[in-house]
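Architecture at a glance
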Amino acid sequence: MRIALVATCLGDAMFPQALKATVEILERLGHEVVFPSDQTCCGQMHVNTGYLDMALPLVRHHVEVFADAAEVAVAPSGSCVGCVRHQHAMVARRGGDEDLARAAEDLAGRTYELSELLVDVLGVTDVGAYYPHRVTYHPTCHSLRMLRVGDKPLRLLRAVRGLHLVELPDAEVCCGFGGTFAVKNAEVSTAMLADKMANVLTSGAEVCTAGDSSCLMHIGGGLSRLRSGVRTVHLAEILASTEDGTPARDIVFDTTEVGEGKGVHP
Amino acid sequence: MVEADALVSAREEVLARLRAARDAGAPRGGVPPTPREYRRVGALAAGSAEVVDRLEETVTEYRAVVFRAAGPGDVPAVLASVLEGVGSVVVPPGLPTTWTDGLAVTVRRDDPPLSVPELDGLDAVLTGASVAIADTGTLVLAAGEPDQGRRAITLVPDHHVCVVDAAAVVSSVPEALARLDPTRPLTFVSGPSATSDIELDRVEGVHGPRRLDVVLVGPPRA
Amino acid sequence: MSSTDLGMPTTAPDGVGFLRGSEPFPAAAHRALADTQLRRNLGHATRTIRAKRAGVVAEVPDWEELRRAGEAIKADTMARLPELLEQLEASVTARGGVVHWARDATEANAIVAGLVRDTGADEVVKVKSIATQEIGLNEALAEQGITATETDLAELIVQLSDDRPSHFLVPAIHRNRSEIRDIFLRAMPGVDPDLTDDPRRLAMAARAHLRRKFLSARVAISGANFAAADTGTISVVESEGNGRMCLTLPDTLITVMGVEKVVPRWSDMEVFLQLLPRSSTGERMNPYTSTWSGVTPGDGPQTFHLVLLDNGRSNVLASEDGRSALHCIRCSACLNVCPVYERTGGHAYGSVYPGPIGAVLSPQLTGISGPDDPNASLPYASSLCGACFDACPVRIDIPNLLVQQRAASIAAHRTPTAQDLAMRTVAAAMVSPGRFRAAERVLGLGRFAGRSGRIRFLPYPGSQWTSARDAPAPPAETFRQWWKRTRS
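Because the structure is predicted, anything quoted here is derived from the model rather than measured.

**Things to note about the sheet that holds strand β6 (residues 164-166) of chain A**
All names here are of chain A. Strand order in this open sheet of four strands is β6-β5-β7-β8, and the pairing throughout is parallel. In this open sheet, the two strands that pair with only one neighbour each are β6 and β8 (231-234). Going from strand to strand, the sheet's axes swing by 35° on average, the running direction of each strand aside. Sheet topology places strand β7 (residues 207-210) next to β8; four bridges connect them, and they run parallel. Bridging across to β8, V207 finds its partner in R231. Most of the contacts of helix α13 (residues 213-225) go to β8, to which it runs at about 170°, and overall it touches β7 and β8.

**Remarks on the UniProt feature "domain: LUD" (unreviewed entry) in chain B**
Here, the residues flagged by UniProt with the feature "domain: LUD" (unreviewed entry) are residues 122-217 of chain B. Taken as a whole, residues 122-217 of chain B contains 6% helix and 43% strand, while its terminal C-alpha atoms sit 25 Å from one another.

**Some remarks on the UniProt feature "domain: LUD" (unreviewed entry) in chain C**
On the UniProt side, "domain: LUD" (unreviewed entry) is annotated at positions that read residues 85-295 of chain C here. The distance from the first to the last C-alpha atom of residues 85-295 of chain C is 19 Å, and the span holds 44% helix and 19% strand.

**Digging into the state of the cysteines**
All names here are of chain A. Per the counting criterion, the structure on display carries zero disulfides over all chains. As a non-bridged cysteine, C42 has C83 as the owner of its nearest cysteine sulfur, 4.2 Å distant. Classification of C42 by relative accessible area gives buried; the value is 8%. A relative accessible area of 0% means that C83 is categorised as buried.

**Section: empty space enclosed by the protein**
With the rule as written, the count across this model stands at seven cavities of 30 Å³ or more. If you add up the space inside the largest cavity, you get close to 620 Å³. When contributions to the lining of the largest cavity are tallied by element, the ones reaching two or more residues are β10 (194-198) of chain B together with α6 (130-134), β6 (233-238), β7 (252-258) and α12 (269-280) of chain C. Grouping the constituent residues of the lining of the largest cavity by class yields 15 nonpolar, 12 polar and nine charged. Looking at the second largest cavity, its volume works out to about 110 Å³. In terms of lining, the second largest cavity is formed by 18 residues, of which the most central are C338, P339, P356, S382 and C388 of chain C. Of all the elements in the fold, those that place two or more residues in the lining of the second largest cavity are α14 (333-337), α15 (339-344), α16 (355-366) and α18 (387-391) of chain C. In terms of residue count, α16 of chain C provides more of the lining of the second largest cavity than any other element does, three residues in total. A per-class count over the lining of the second largest cavity returns 14 nonpolar, four polar and no charged.

**Notes on the interface of chain A and chain C**
Of the residues lining the interface, 77 residues belong to chain A; the matching set on chain C comes to 68 residues. Taken together, the two surfaces of chain A and chain C that pack against each other cover about 6300 Å², and 60% of this comes from carbon and sulfur. Along the contact surface separating chain A from chain C lie seven salt bridges. Measuring nitrogen to oxygen at the nearest pair gives 3.0 Å for the salt bridge that ties D170 of chain A to R47 of chain C. Applying the counting rule to chain A against chain C returns 31 residue pairs in polar contact (both at pLDDT 80 or more). Ranked by residues supplied to the side of chain A that touches chain C, first place goes to helix α12 (residues 186-203) of chain A with nine residues. Class assignment of the residues belonging to the side of chain A that touches chain C gives a composition of 38 nonpolar, 23 polar and 16 charged.

**Brief notes about the interface of chain B and chain C**
Facing 82 residues of chain B, the contacting portion of chain C comprises 102 residues. Counting the surface lost from both chain B and chain C, the interface buries some 8200 Å², and carbon and sulfur atoms represent 58% of this. Of all residues in chain B, R17, L200 and H207 of chain B bury the most surface against chain C, accounting for 11% of the area lost on that side. If you look at where chain B meets chain C, you find 17 salt bridges. Put simply, chain B and chain C have 44 residue pairs in polar contact (both at pLDDT 80 or more) between them. Mapped onto the side of chain B that touches chain C, the elements with two or more residues apiece are α1 (2-5), α2 (10-24), α3 (49-61), α6 (116-120), α7 (173-178), β9 (186-189), β10 and β11 (201-204) of chain B.

**Here we look at the pattern of salt bridges**
This model, assessed by the stated rule, comprises 74 salt bridges over all chains. Note that R22 of chain B is salt-bridged to E83 of chain C, the shortest N-O span being 2.2 Å. With R22 of chain B in helix α2 and E83 of chain C in helix α4 (residues 81-94), this residue pair bridges two chains. In this structure, D158 of chain B engages R207 of chain C in a salt bridge whose closest nitrogen and oxygen atoms are separated by 3.3 Å. Residue D158 of chain B is found in the loop between β6 (138-142) and β7 (159-165), and its partner R207 of chain C is found in helix α10 (residues 199-216); the two belong to separate chains. According to the relative accessible area criterion, D158 of chain B is partly exposed, its value standing at 24%. Accessibility expressed as a relative area gives 8% for R207 of chain C, which makes it buried. Three or more residues joined by partner-sharing salt bridges are found here, namely R93, E98, D99, R102 and E105 of chain A.

**Description of helix α2 (residues 36-58) of chain C**
Residues and elements named next belong to chain C. Here α2 is 23 residues long and its end C-alpha atoms lie 33 Å apart, about the 33 Å a rise of 1.5 Å per residue gives. Every buried residue belonging to α2 is among L38, N41, L42, G43, A45, T46, T48, I49, R53, V56 and V57, and all of these are buried. N-capping of α2 is provided by D35, with a side-chain oxygen placed 3.2 Å from the backbone N of Q37.

Calculation notes
Residues numbered from 1 in each chain as written. Chains lettered and ligands numbered in written order. Predicted model: local features only at pLDDT ≥ 70, side-chain atom pairs only at ≥ 80, totals over all residues. Heavy atoms only, no water. Pairing = 2+ DSSP bridges. Helix = DSSP H or I, 4+ residues; strand = E, 2+ residues; numbered from the N terminus. Axes fitted to C-alpha atoms, helices over the stretch in contact; angles between N-to-C directions. Contact = heavy atoms within 4.5 Å. UniProt positions renumbered as here; feature names shortened; annotations may be inferred. Disulfide = S-S within 2.5 Å. Buried < 20%, exposed > 50% of the residue type's maximum accessible area, 1.4 Å probe, protein only. 1 Å grid on protein atoms, 1.4 Å probe; cavity = no way out; pocket = protein on both sides within 12 Å on 5 of 7 lines; lining within 4 Å. Points joined across faces, edges and corners; volume = space filled by probe spheres on them. Nonpolar A, V, L, I, M, F, W, Y, C, P; charged D, E, K, R; others polar. Buried area = accessible area lost by both parts, 1.4 Å probe. Salt bridge = Lys/Arg side-chain N within 4 Å of Asp/Glu carboxyl O. Polar contact = N/O pair within 3.5 Å; in protein donor to acceptor, adjacent residues only side chain to side chain. Expected span 1.5 Å × (residues − 1).

Structure below.
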């Protein structure tokens, strides 16, 4: 299948490992990945901060870039896919552009979060990964409640050889990221993060994974500040890992030097 | 009054505002018809032994005490044991006299109506019920029914004994509402009075009757 | 009010009632977060109620169908609200009740005070009613020399401690048992000095304190959970029996009801009497629900007044997106599942309507006057996690309403704020692939800032992030650069 990769602005600029891993998984499964190079951002930050008018051109641009790019589109991000699926048409309608709203709905119906694409569209749960670590999974809010991915990520993780999956207490409670919430209500966000970190530490996991780099940036930022000894790794990186590949790094807060271009997937 | 000073009555103005708002905010796609795909009839047949058993379970979970009477003829004997040690009881005007004839209790019939202080001086109240809902453990009292009486009599005394005939027991809330007349005052009673206002822990017994005894009349346990 | 305003949807007036706090949410939350006792009380109470609710909801096989029916009944109600209110008025009047209409809080308070004065009473008993808290009725009655006694246990705790309610169901949820004992010992006349903090003993103290008032009260004031237009049947859903006392024993009953509480049919109660108790107290059914229609000769109050309140509701109804905030049945499930509410409590929201639903209802009732309006901060008091929608028994899409109200907050900016300008700059870059790539290259310069993968400190507003979290350093190579380097 020909699959268009929605890199997401944050992923492209800050967390390329998760995107490289997504490409690696899909190509390993025999699919063709395309990267429409004019893509920028889905507009979620503007929508969720209330700048719906400013988001309209971003929605239009996203729809123009991806409408004919491939059969389906994928992003390793629950919240960006959530925005595409549940907010793009709303923004278009609010801006009085019904044609765009319909085009956005069509594209939204073909845009998937990574675990949805793998399990629902491609029909695989065992992607041939090997990851011998003790892992806990945080079901990010938008994956859980906007996309209703359910246990798809867990089914994928359970099929990873060597992986020991441990339960995260109060898993379904928000980590406190919430985009600009983490800055506008930094103290409440921190209080939520404190409880999430306590639960991650209680789980006894060595690695905390999730389907959203943004939430992992938040949880990982806290765990890193505490020097907790637990690292955050995107779900895609775990699924891309194999016996002979480079082990997945802490995607967010790796203490290795980054200035010399030591990438995971050269 | 404020209204008298205004050029336009508050009624006309509020309605005019709401009409304007109704149109300004009207959903573009219109309002779809209400889907009524929920269960109108519960899982257990009304009046069945099973539904009465379920009622016993749900009422008991509220820490009300349930007694069983095999048939109408057994009600006086069961009541005699339920009311043992009770000094005085108020009953609605039309409560069957056969229920109370042999009781070793002072029976005050609410006819003419007793004052609130008089009710406050009585130990208990004995009534029937219009409907009982097994799913939720709820008894419904309809004011003015001969065996249920005024609302005050089931409120002021601290101990309520309610006799429920199996024929009045339904499974679900919709079945119950279909049997009730909404133009007379109704009281839905689910256990003794209770509060969760202190740390969300339920504590039975506040302002309403602190003790609720329920006599279920009908088929033996299924 | 000039005649040209007639018929225009109108916000609630300033200066009366409790729909707006005095400071923005983050400032109020700052204090709440530091109150360790509050944090513990709220954490314990919301955790308890969440578990109870989950248990009783799970046992209802048609819960989702009930939610959809509840949602649709409310949408239908809003679409013909004026007609239903006229029908309700006719039904109540035909059964001996008197219906009053109040444009706003001031008018409602004046109507109620006048009705109480007409009875000659200077004392009233009250059933918990958020609508009367909204309009500041107790304070308005006090100015007229009328003493209002709250009879719900939690409301009594709040009143005796000169506090403010912080939750729909349990207005004193922010207090634990030992604090409640101390309040009773301090403020409840004639209380047993050996009172313990056993909840049963505390409840008994409240019973003893209020019993004489109930048995002698001549006038009661209530709210309403529902009012069926076709039969004129009003419902009050409660637990303790204080509601029954107020609705049954006095001669005069005055019910203050927001106009949105009307439902089309009595039979609609078959939906709401299933949704509300399980969502609210987490019980299959609450201990007592009372329903009445007008006046019943020989039973209960022989004078019944129904006050229908606008106070900003017409403004909410006028918004296609926003009007679903009026669907709320005040169960408080969204408060109990909200991770923000759990950590700040209800006072931080300023308004009597706290939590997720309050964050979208209060700003619509009052309107937003500008960036410094405390209610402008409420829609941002959420991480948009969506737990509120899942818990809402009438499926109010609160996350979407939060986004819409954020847009309304921004629309109230008369001159652009720094955030507005930043967002505009970013949007301009993101709509152009060329500018986006250029911006990424600038960001990439950050990798020279440090030699490690984590950043400990950023300047404002990034400092809000790095106050508690490390930030990642940008990677050596963006994905786009990697793709271009390896694939073309």
